[in-house]
Amino acid sequence: MNKRLVSLSILVFLLMVTVLGCSSKTESTNTKDGSKEVTIDFAIHVANPKDQEPAFYQMVEKFKEKNPEIKINLIGTDQKEHIKNMKLKAQSNTLPDIFWILPASAKELEEAGMLLDLSPLLKDKKVDPDKFHASMIDTYNLDGKQYGLPYQALVTGFWYNKALFDKYNLELPETYEDLKEVTKVFKENNVTTIAKGAKDPYSVWAFLTMFSRFGYFDEIDQILAGKESFNNDNFLKLYEKIDELAKLGAFPANVSTLSYFQAVEMFLNGEAALLDAGVWETQKIQESALAKDAGLWWGPTFSDGVGNQNLSSVVPAAPLVVNKKVKEDKGKYAAIEKFMEFYYSEEGAQIMLDNQVPPIIKYAGEIDKAANPVFAKVVEAMNDPQWESQPNQPDLIVSEAVGNAIYDSIYGVINGIYSPKEALDVVDKKISSQ
């Protein structure tokens, strides 16, 4: 009887080993060439990447085609929900392998020690830092650790309608003095110089770049530390010029009741010479009657400005970051390295160009100028060696509350609510209350 029990026990044990062995083999699947498959969880800030972020989606698909052993589990959620999810997953230490995140949140995750240092990629030039537009790399570096790399480039400035300038025998402006003179002519002819809508106060991108021409990045750290004031002589010069443009009639008479989207329509309808916006409007402009006449201008230079005046605005919009836990899995780590190498390659840049997305690296590539004349001008402006990008967009390196105060202060002057000094005090008060 005991012998039978022992034999039965041995048989059960052997069956368990066999089942476990089969189970183990099923979990570690191989590709046809014998290489082991790796799956990467990749979370992004749109619900439908294929339609909403076609350049990114095509990049992922092309990468999978070239690397069949690497599977990408693409997790798409609308931005608000995505940010909420990433914060919850950070608390439970279950972040995805690689994901898109807002700059401020990325810095918080790095400070909490949750992100992978990507410096080795740059050091080994698997991702060549020399190919990037200025500031694309440094923005996401903290104490020597590269905690993120740019997802896409944020390119902003003034769109211009050259047909309106030609109609009144005007040259496109270069300096602030030029801008004043064309404003006077446009005002006499009932043409709006700069289309803007104060109902969407964030729509001040080109004016934010003007801050950089008055020493913003030389002073902002000291200002935020309470050692200097936002209400200083250099910033006052800029606000006095905004006030002067308003009094010259540069902005729509009803700017306070217009939205940003109405300002865009004003420009597309040929009612304004300039539009403060970014490359996200490229397709609309290209499909409009303005296509052959429109281009992107980085904004005026100032004779009394501070430092380099030939500043463009080609800055990182948000980073891609990697969960630090990935380093524990050699296969997954190698797969993500390979993805990053492809994403920032010339082949990746061409996919962006094909979708009318400005490439992150300096790359002219192939653009059908006949079919996409507006986008071609944008890329040409981005690659112009006479212009250097500001380090970042000024509102992206301060808190959301301070950024909102900056928007309020600019539109406050445009709408005649604040004097230049009062507008600067609005920002100072917000900084001191932080």
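Residues numbered from 1 in each chain as written. Predicted model: local features only at pLDDT ≥ 70, side-chain atom pairs only at ≥ 80, totals over all residues. Heavy atoms only, no water.

A. Region of the structure containing the overall build of the chain. Counting its regular elements, the chain contains 18 helices and 14 strands. Across its three principal directions, the C-alpha atoms of the chain cover 110 × 50 × 40 Å. Sorting the 434 residues of the chain into buried and exposed places 51% on the buried side. At a minimum sequence separation of 6, the contacts of the chain that also span at least 24 residues come to 75%. Surface accessibility of the chain: about 20900 Å² in total, with carbon and sulfur atoms responsible for 50%. Of the side-chain charges in the chain, 46 are positive and 62 negative, and the distance between the mean point of each set is 8 Å. (Helix = DSSP H or I, 4+ residues; strand = E, 2+ residues; numbered from the N terminus. Buried < 20%, exposed > 50% of the residue type's maximum accessible area, 1.4 Å probe, protein only. Contact = heavy atoms within 4.5 Å. Areas by Shrake-Rupley, 256 points an atom, 1.4 Å probe, with all protein chains shown as cover. Lys, Arg positive; Asp, Glu negative; His and termini not counted. Charge placed at Lys NZ, Arg CZ, Asp CG, Glu CD.)

B. Structural detail: the side chain of Ser-345. Note that Ser-345 resides in the loop between helix H14 (330-343) and helix H15 (346-354). Of the residues examined, Ser-345 reaches a relative accessible area of 19% and is grouped as buried. Engagement of the side chain of Ser-345 in a polar contact is seen with the backbone oxygen of Phe-342, the distance being 2.6 Å. (Polar contact = N/O pair within 3.5 Å; in protein donor to acceptor, adjacent residues only side chain to side chain.)

C. Fine view of the packing of helix H11 (residues 233-248) against helix H18 (residues 420-432). With their axes 9 Å apart at the nearest point, H11 and H18 run at an angle of 125° to one another. Here H11 is positioned oblique relative to H18, judged by the angle of their axes. H11 and H18 meet at a crossing whose hand is right-handed. Touching Phe-235, Leu-236, Tyr-239, Glu-240 and Asp-243 of H11 are Pro-420, Lys-421, Ala-423 and Leu-424, all from H18. Classifying every residue of the contact of H11 with H18 by side-chain character gives 6 nonpolar, no polar and 3 charged. (Axes fitted to C-alpha atoms, helices over the stretch in contact; angles between N-to-C directions. Parallel < 35°, antiparallel > 145°, perpendicular 65-115°, else oblique. Left-handed = near helix turned anticlockwise from the far one by under 90°. Nonpolar A, V, L, I, M, F, W, Y, C, P; charged D, E, K, R; others polar.)

D. Structural detail: helix H5 (residues 103-111). Within H5 the residues assigned to the buried category are Pro-103, Ser-105, Ala-106, Leu-109 and Glu-110. Seen from one end, H5 has its buried residues packed into an arc of 160°, which puts them on one side. Exposed side of H5, more than 90 degrees from the buried face: Ala-104, Glu-108 and Glu-111 are the residues found there. If you follow the buried residues of H5, they end up packed against helix H4 (79-91), strand E3 (98-100), strand E4 (141-142), strand E5 (145-146) and strand E13 (319-322). Immediately downstream of H5, the backbone of Gly-113 shows phi near 75°, a positive value. (Arc of directions from axis to C-beta.)

E. Examining the pairing of strand E10 (residues 294-297) more closely. Alternating residues of E10 divide into Ala-294 and Leu-296 and Gly-295 and Trp-297, and every residue in both groups is buried. Pairing geometry for strand E7 (residues 153-161) and E10, over 4 bridges, is antiparallel. In the sheet register, Phe-158 faces E10, and the bridge partner there is Trp-297. (Pairing = 2+ DSSP bridges.)

F. Molecular detail of helix H8 (residues 176-188). Over its 13 residues, H8 runs 19 Å from end to end, which matches the ideal 18 Å to within 8%, given 1.5 Å per residue. Residues of H8 that are buried: Tyr-176, Leu-179, Lys-180, Val-182, Thr-183 and Phe-186. Residues of H8 that are buried in the fold lie against helix H7 (162-167), strand E8 (192-195), H11 and strand E9 (272-278). One or two residues past the end of H8 sits Asn-190, with phi positive at roughly 55°. (Expected span 1.5 Å × (residues − 1).)

G. Here's a closer look at the packing of aromatic side chains. All told, the structure shown has 27 aromatic pairs when counted by the stated rule. Taking the centre distance of 5.7 Å and the plane angle of 55° together, the rings of Phe-56 and Tyr-151 count as tilted. Of this pair, Phe-56 sits in helix H3 (residues 54-66) while Tyr-151 sits in the loop between strand E6 (149-150) and E7, and the two are 95 residues apart along the sequence. Summarising the burial analysis for this pair, Phe-56 and Tyr-151 share the class buried. On the basis of an interplanar angle of 55° and a centroid distance of 4.8 Å, the ring pair of Phe-214 and Phe-302 is categorised as tilted. Taken as a pair, Phe-214 in the loop between helix H9 (205-212) and helix H10 (216-224) and Phe-302 in the loop between E10 and strand E11 (311-312) lie far apart in primary sequence, 88 residues in all. (Phe/Tyr/Trp six-rings, centres within 6.5 Å; stacked < 30°, edge-to-face > 60°.)

H. Representation of the nonpolar core in the model. By size, the foremost hydrophobic cluster in this structure holds 89 residues, and its most contacted members are Phe-99, Trp-159, Met-340, Tyr-343 and Tyr-344. Among all residues touching Tyr-343, those that are not within four sequence positions of it are Phe-56, Met-59, Pro-150, Tyr-151, Gln-152, Leu-320, Gly-348, Met-352 and Ile-360. Core analysis: the second largest hydrophobic core is formed by 50 residues, Phe-235, Phe-302, Ile-406 and Ile-431 among them. (Core = buried A, V, L, I, M, F, W, Y, C linked by side-chain atoms within 4.5 Å.)

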